[in-house]
Amino acid sequence: MRAIVLGLFASIFFSTTFVLNRAMDLDGGHWIWSGALRYFFMVPFLLVFVLVRRNLRPLLQDLLRRPWLWIRWGTVGFGLFYAPLCLAAAYGPSWLLAGTFQITIIAGSLLVPLFYERVDTPNGPLLRRQKIPFRGLGFSLIILLGIVLVQADQARALSWHDLLFGLIPVLIGAFAYPLGNRKMMTQLDGKFDTFQRTLGMTLGSIPFWLLLSAFGLADAGLPSAGQVGQSLVVALCSGVVATLLFFYATDLAKGNPQRLSAVEATQSGEVVFTTLGEMLLLGTAWPSPLALGGLFTVVVGMVLHSFSARAKPKPKPQTPPLQPLDKAN
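Residues numbered from 1 in each chain as written. Predicted model: local features only at pLDDT ≥ 70, side-chain atom pairs only at ≥ 80, totals over all residues. Heavy atoms only, no water.

Participant: Could you clarify how one ought to interpret the packing of helix H5 (residues 94-101) against helix H12 (residues 269-282) in this entry?
Facilitator: Look at H5 against H12: their axes get within 9 Å of each other, and the N-to-C directions meet at 175°. Our classification of the angle between H5 and H12 gives roughly antiparallel. Touching Ser-94, Trp-95, Ala-98, Gly-99 and Phe-101 of H5 are Glu-270, Val-271, Thr-274, Thr-275 and Glu-278, all from H12. When grouped by side-chain class, the residues that make up the contact of H5 with H12 number four nonpolar, four polar and two charged. (Axes fitted to C-alpha atoms, helices over the stretch in contact; angles between N-to-C directions. Helix = DSSP H or I, 4+ residues; strand = E, 2+ residues; numbered from the N terminus. Parallel < 35°, antiparallel > 145°, perpendicular 65-115°, else oblique. Contact = heavy atoms within 4.5 Å. Nonpolar A, V, L, I, M, F, W, Y, C, P; charged D, E, K, R; others polar.)

Participant: Looking at this structure, how should I read the packing of aromatic side chains?
Facilitator: For any pair of aromatic rings, the description rests on two quantities: the centre-to-centre distance and the angle between the ring planes. The tally for this structure, following the rule as stated, stands at 16 aromatic pairs. Relative to Tyr-82, the ring of Tyr-39 has its centre 5.8 Å away and its plane inclined at 70°; by these criteria the two rings are edge-to-face. Linking Tyr-39 in helix H2 (residues 31-52) with Tyr-82 in helix H4 (residues 67-88), this pair joins segments that are 43 residues apart in sequence. Put simply, the rings of Phe-14, Phe-18, Tyr-39, Phe-78, Phe-81, Tyr-82, Phe-101, Tyr-177, Phe-208, Trp-209, Phe-246 and Phe-247 pair up and form one aromatic cluster. (Phe/Tyr/Trp six-rings, centres within 6.5 Å; stacked < 30°, edge-to-face > 60°.)

Participant: Explain helix H9 (residues 194-220) here, please?
Facilitator: For an α-helix, 3.6 residues make a turn, and residues three or four places apart therefore share a direction. The largest bend in H9 is about 35°, located at Ile-206, with the proline Pro-207 one to four residues further on. Of the residues that open H9, the one with a side-chain oxygen 3.1 Å from the backbone nitrogen of Phe-195 is Asp-193. Just downstream of H9 lies Gly-221, where phi reads positive at about 80°. (Bend = angle between axes of the 7 residues up to and from the residue. Polar contact = N/O pair within 3.5 Å; in protein donor to acceptor, adjacent residues only side chain to side chain.)

Participant: What am I meant to see in the pattern of salt bridges here?
Facilitator: Opposite charge on two side chains permits pairing when their charged atoms draw close. Evaluated as defined, the whole model comprises six salt bridges. Taking the shortest distance from any N to any O, the salt bridge between Arg-53 and Asp-193 comes out at 3.0 Å. Taken together, the residues span a long stretch of sequence, with Arg-53 in the loop between H2 and helix H3 (56-65) and Asp-193 in the loop between helix H8 (160-188) and H9 at a distance of 140 residues. Between Arg-65 and Asp-62 there is a salt bridge; the shortest N-O distance is 2.9 Å. Of this pair, Arg-65 and Asp-62 both sit in helix H3, three residues apart, which is roughly one turn of that helix. A cluster of three or more residues bridged by salt bridges with shared partners is formed by Asp-62, Arg-65, Arg-66 and Lys-191. (Salt bridge = Lys/Arg side-chain N within 4 Å of Asp/Glu carboxyl O.)

Participant: Got a minute to help me understand the side chain of Asn-55 in this structure?
Facilitator: Counting through the fold element by element, Asn-55 comes out in the loop between H2 and H3. A polar contact is formed between the side chain of Asn-55 and the side chain of Asp-193, at a distance of 3.2 Å. Leave out the neighbours within four places in its chain, and Asn-55 touches Val-50, Asp-193 and Gln-196.

Participant: Explain the side chain of Ser-205 to me, please; I cannot follow it from the model alone.
Facilitator: Its location among the elements puts Ser-205 in helix H9. Of the polar contacts made by the side chain of Ser-205, one reaches the backbone oxygen of Thr-202; its length is 2.8 Å. Once you skip the residues sitting within four places of it in the chain, Ser-205 turns out to touch Tyr-39, Gly-74, Thr-75, Phe-78 and Gly-79.

Participant: What is the right way to look at the packing of H9 against helix H10 (residues 225-252) in this model?
Facilitator: Two measures define how a pair of helices packs: the angle their axes make with one another and the distance between the axes. It is the contact of H9 with H10, at a shortest axis distance of 9 Å, that shows an interaxial angle of 120°. By the angle between their axes, H9 is oblique relative to H10. Here the hand of the crossing between H9 and H10 comes out right-handed. Note on element contacts: H10 touches H9 through Thr-243, Leu-244, Phe-247, Tyr-248, Thr-250 and Asp-251, opposite Thr-194, Phe-195, Arg-197, Thr-198 and Met-201. In terms of residue class, the contact of H9 with H10 is made up of five nonpolar, four polar and two charged. (Left-handed = near helix turned anticlockwise from the far one by under 90°.)

Participant: What exactly am I supposed to notice about the nonpolar core here?
Facilitator: As a rule of thumb, nonpolar side chains are buried together in soluble globular proteins. Trp-70, Phe-81, Tyr-82 and Trp-209 are the most contacted members of the largest nonpolar core, which totals 58 residues. The dominant element in this core, judged by the number of residues it contributes, is H4, at 11 residues. Contact partners of Tyr-82, with chain neighbours within four places excluded, come to Thr-17, Asn-21, Ser-34, Gly-35, Arg-38, Tyr-39, Trp-209 and Val-234. Formed by 12 residues, the second largest nonpolar core is a distinct cluster that contains Ile-105, Leu-137, Val-150 and Ala-265. (Core = buried A, V, L, I, M, F, W, Y, C linked by side-chain atoms within 4.5 Å. Buried < 20%, exposed > 50% of the residue type's maximum accessible area, 1.4 Å probe, protein only.)

Participant: Even after reading the chapter, I still don't get H2, so can you show me in this structure?
Facilitator: The first and last C-alpha atoms of H2 sit 33 Å apart over 22 residues, in line with the 32 Å expected at 1.5 Å per residue. In H2, a bend of some 25° at Val-43 exceeds every other bend along the element, and Pro-44, a proline, comes one to four places later. Among the residues of H2, those classed as buried are Ile-32, Trp-33, Ser-34, Gly-35, Ala-36, Leu-37, Arg-38, Tyr-39, Met-42, Val-43, Leu-46 and Val-50. Close packing links the buried residues of H2 with helix H1 (2-26), H3, H4, H9 and H10. Arg-54 sits one or two positions beyond H2 and adopts a positive phi of about 60°. (Expected span 1.5 Å × (residues − 1).)

Participant: I keep staring at the environment of Ile-103 and nothing clicks. Help me out?
Facilitator: Relative to the helices and strands, Ile-103 resides in helix H6 (residues 103-110). Along the primary structure Ile-103 and Leu-141 are separated by 38 residues, whereas in three dimensions their C-alpha atoms are 9.3 Å apart. Apart from residues lying up to four places away in sequence, Ile-103 is in contact with Leu-144, Leu-171 and Ala-174.

So yeah, pure geometry; function would need other evidence.
And the structure:
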């Protein structure tokens, strides 16, 4: 239950991403700077956290020993997650992006077969491919049904062009975020804590952001002071606070696919908090009765998902296919 509560708090801070990215776009800010500045600003804050905890040296040693591992999954988990969200902010309101991003709840469950779990056998420990947690997936579908209701009457007001460019990039980000996060967890196998892992993945994503920034500089020049300030707020709220809370929550649920899916399902709270934030900061209208019904459905799905995660899982039969420990990445 603790992991789920932390995940819910993370969703509050994550919601600033959608609202402020939309605000920056409406103010004329380029989407590339909205993404790159967030991760540039995250580095010094995370460095301070790790330095205070005296955990920087082992992380730097691992970064030097396995640079491509950190660059690969840092780019997927942070770069291919956030850059598409910033691009999509130019084509749709924040409530629509936050709602679409909740496909990550389903994505996290569908990605489970890409990972292995340790199984003890008479011949020694082996790895078995994990199975999709269909029970948790059913509750995720309830959450997504609520999200569809939230978007139903408002999505009709958007053009197909805006809907498409606001949809595809968010779908890419929705799969990239849990994939990068989970792959990094399996590769590290508990070697580093949440602060170290977040800093390592941020540093690993910097080459991607530097490359993207070169395009942004050539296309739009330097960012405005207002965009720099808003990106700093996003970096603190979403990049540092929300990411650390969410990563810590997933660390608590590590090794239990059903519970891990429930933690990822708490991010559906972003829809509620983004809708409220957009109303307060950007002056959007109060949701319709249909949208309010959708928000209620989201909350019900989150509660059911949480109770499902607390239930004791049934023992799994040790059945093939099994892989030797050195075969799975």
